[in-house]
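Here is how the chains run, residue by residue.
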Amino acid sequence: MNKVYPTAKQALDGVIKDGQMVAVGGFGLCGIPESLIDAVRDSGVKNLTCISNNAGVDGFGLGLLLQTRQVRKMIASYVGENKEFERQYLAGELELEFTPQGTLAEKMRAGGSGIPAFFTPTGVGTLVAQGKEVREFHGKRYVLEASLRADVSLVKAWKADRQGNLVYRKTARNFNPVVAMCGRVTVAEVEQLVENGELEPDQIHTPGIFVKRLVVNAHPQKRIEQRTVRTA
């Protein structure tokens, strides 16, 4: 089975559709699948529900999809870097499901592991718990959180072999492993493609069984959200 596609557009052909739930890896702008996000924008699909730690920035990352009004709902833990997000949300044009960061990661990991729901103490007694079951275990209260399964997951890795085994680099690993797990179809954007057998098994972070398609982007922009400097 050939998992490698020549372009991001071709990697998404027949995969991305209107109304889907799409999970996207990254933390801020670190470890985001830049070319795949561009390809989603260019596809013109709409009414997407996006699962991501945050919503990118204006004009880059998931901010591109907000700019073109392709996102109907965000499931995220932080959205403070995007003015267009703020405008759409306050105007009632965009739905938002805020989720604590660790809970968001576990919801995706659980979904990829076949676990339908789990109890966590995070959010008990807050707005997060409204409308959800709360139970007591060993004298402590826990809220029931449903897991997340995305129709499509888009992730960014440093290296991959042709079987789809992925290696992430340093902090760019972030949410990508759990995003890769929770997708019914996972498409990975990688900087380097190596032959099967070249990756050390102990260094592989995401097994190829989770990855259906690959595309190489050897020179991503890797923008920095905010850069603070000082004069000498």
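Data block above holds the structure.
Residues numbered from 1 in each chain as written. Predicted model: local features only at pLDDT ≥ 70, side-chain atom pairs only at ≥ 80, totals over all residues. Heavy atoms only, no water.

Visitor: Teacher, can you tell me more about the side chain of Lys73 here?
Guide: One can find Lys73 in strand β4 (residues 71-76). A polar contact is formed between the side chain of Lys73 and the side chain of Glu97, at a distance of 3.1 Å. Setting aside its immediate chain neighbours within four residues, Lys73 contacts Leu48, Thr49, Cys50, Leu94, Glu95 and Glu97. (Helix = DSSP H or I, 4+ residues; strand = E, 2+ residues; numbered from the N terminus. Polar contact = N/O pair within 3.5 Å; in protein donor to acceptor, adjacent residues only side chain to side chain. Contact = heavy atoms within 4.5 Å.)

Visitor: Would you take a moment to explain helix α5 (residues 101-112) for this structure?
Guide: Counting along an α-helix, one turn takes 3.6 residues, and residues three or four places apart therefore face a common direction. With twelve residues, α5 extends 17 Å from end C-alpha to end C-alpha; this agrees with the ideal 16 Å at 1.5 Å per step. Those residues of α5 lying buried are Thr103, Leu104, Lys107, Met108, Ala110 and Gly111. What you see down the axis of α5 is that its buried residues fit within an arc of 160°, all on one side. On the buried face of α5, the contacting elements are β2 (21-24), β3 (48-51), β4, β6 (117-120), β8 (140-146) and α6 (176-182). Within two residues after α5, Gly114 carries a phi angle of roughly 80°, on the positive side. (Expected span 1.5 Å × (residues − 1). Buried < 20%, exposed > 50% of the residue type's maximum accessible area, 1.4 Å probe, protein only. Arc of directions from axis to C-beta.)

Visitor: What is the right way to look at the pattern of salt bridges in this model?
Guide: Scanning the entire structure with this criterion turns up 16 salt bridges. We note a salt bridge from Glu93 to Arg87, for which the minimum N-O separation is 3.0 Å. The exposure class assigned to Arg87 is partly exposed, which follows from its relative accessible area of 37%. Close ionic contact of Glu106 with Arg109 constitutes a salt bridge, the shortest N to O distance being 2.8 Å. (Salt bridge = Lys/Arg side-chain N within 4 Å of Asp/Glu carboxyl O.)

Visitor: Sorry, what's going on with unusual backbone geometry here?
Guide: Peptide bonds are, in most cases, trans, and in most cases residues other than glycine have a negative phi. Of note in the backbone geometry, Asn47 takes a positive phi value of approximately 60° without being a glycine. On the secondary structure map, Asn47 appears in the loop between α2 (34-43) and β3. Of note, Arg69 is a non-glycine position whose phi angle comes to about 60°, a positive value. Locating Arg69 in the fold gives a position in the loop between α3 (63-67) and β4. Judged by its relative accessible area of 42%, Arg69 falls in the partly exposed class.

Visitor: Would you explain the sheet that holds strand β7 (residues 134-137) in this entry?
Guide: Across a sheet, paired strands are connected by hydrogen bonds in the backbone, their directions being either parallel or antiparallel. Strand order in this open sheet of three strands is β6-β8-β7, and the pairing throughout is antiparallel. Two strands bound the open sheet, and with one partner strand each, they are β6 and β7. Averaged over all adjacent pairs, the angle separating strand axes in this sheet is 35°, with direction ignored. Where β7 meets β8, four bridges bridge the pair, whose relative direction is antiparallel. Each residue of the ladder has a partner; that of Val134, found in β8, is Val143. The strands touched by α5 within the sheet are β6 and β8, with β6 carrying the most contacts at an inclination of about 150°. (Pairing = 2+ DSSP bridges. Axes fitted to C-alpha atoms, helices over the stretch in contact; angles between N-to-C directions.)

Visitor: Is there a simple way to explain the packing of aromatic side chains in this structure?
Guide: Remark: the centre distance and the inter-plane angle together describe each pair of aromatic rings, the angle taken between the planes. Enumeration according to the criterion identifies two aromatic pairs in this entry. Centroid distance Phe119 to Phe137: 5.1 Å. Interplanar angle 65°. Geometry classified as edge-to-face. Placement of Phe119 in strand β6 and of Phe137 in strand β7 is noted, with a sequence separation of 18 residues between them. Of the residues examined, Phe119 reaches a relative accessible area of 28% and is grouped as partly exposed. Note on Phe137 and Tyr142: the rings are 5.7 Å apart at their centroids and 75° apart in plane angle, and the pair reads as edge-to-face. Positioned above the aromatic ring of Phe60 is the side chain of Arg223, whose terminal nitrogen or guanidinium carbon lies 4.1 Å from the ring centre. (Phe/Tyr/Trp six-rings, centres within 6.5 Å; stacked < 30°, edge-to-face > 60°. Lys NZ or Arg CZ within 6 Å of the ring centre and 35° of its normal.)

Visitor: Looking at this structure, how should I read empty space enclosed by the protein?
Guide: One way to see where empty space is left: roll a probe the size of a water molecule over the atoms. Tallied over the entire structure, the rule returns one cavity of 30 Å³ or more. Its volume calculated, the largest cavity comes out at about 50 Å³. Looking at the largest cavity, the residues that line it are Val24, Gly25, Gly28, Leu29, Ile32, Ile37, Ser52, Asn54, Ala55, Gly56, Gly61 and Leu62. A per-class count over the lining of the largest cavity returns six nonpolar, six polar and no charged. (1 Å grid on protein atoms, 1.4 Å probe; cavity = no way out; pocket = protein on both sides within 12 Å on 5 of 7 lines; lining within 4 Å. Points joined across faces, edges and corners; volume = space filled by probe spheres on them. Nonpolar A, V, L, I, M, F, W, Y, C, P; charged D, E, K, R; others polar.)

Function cannot be inferred from these measures alone, as they are strictly geometric.
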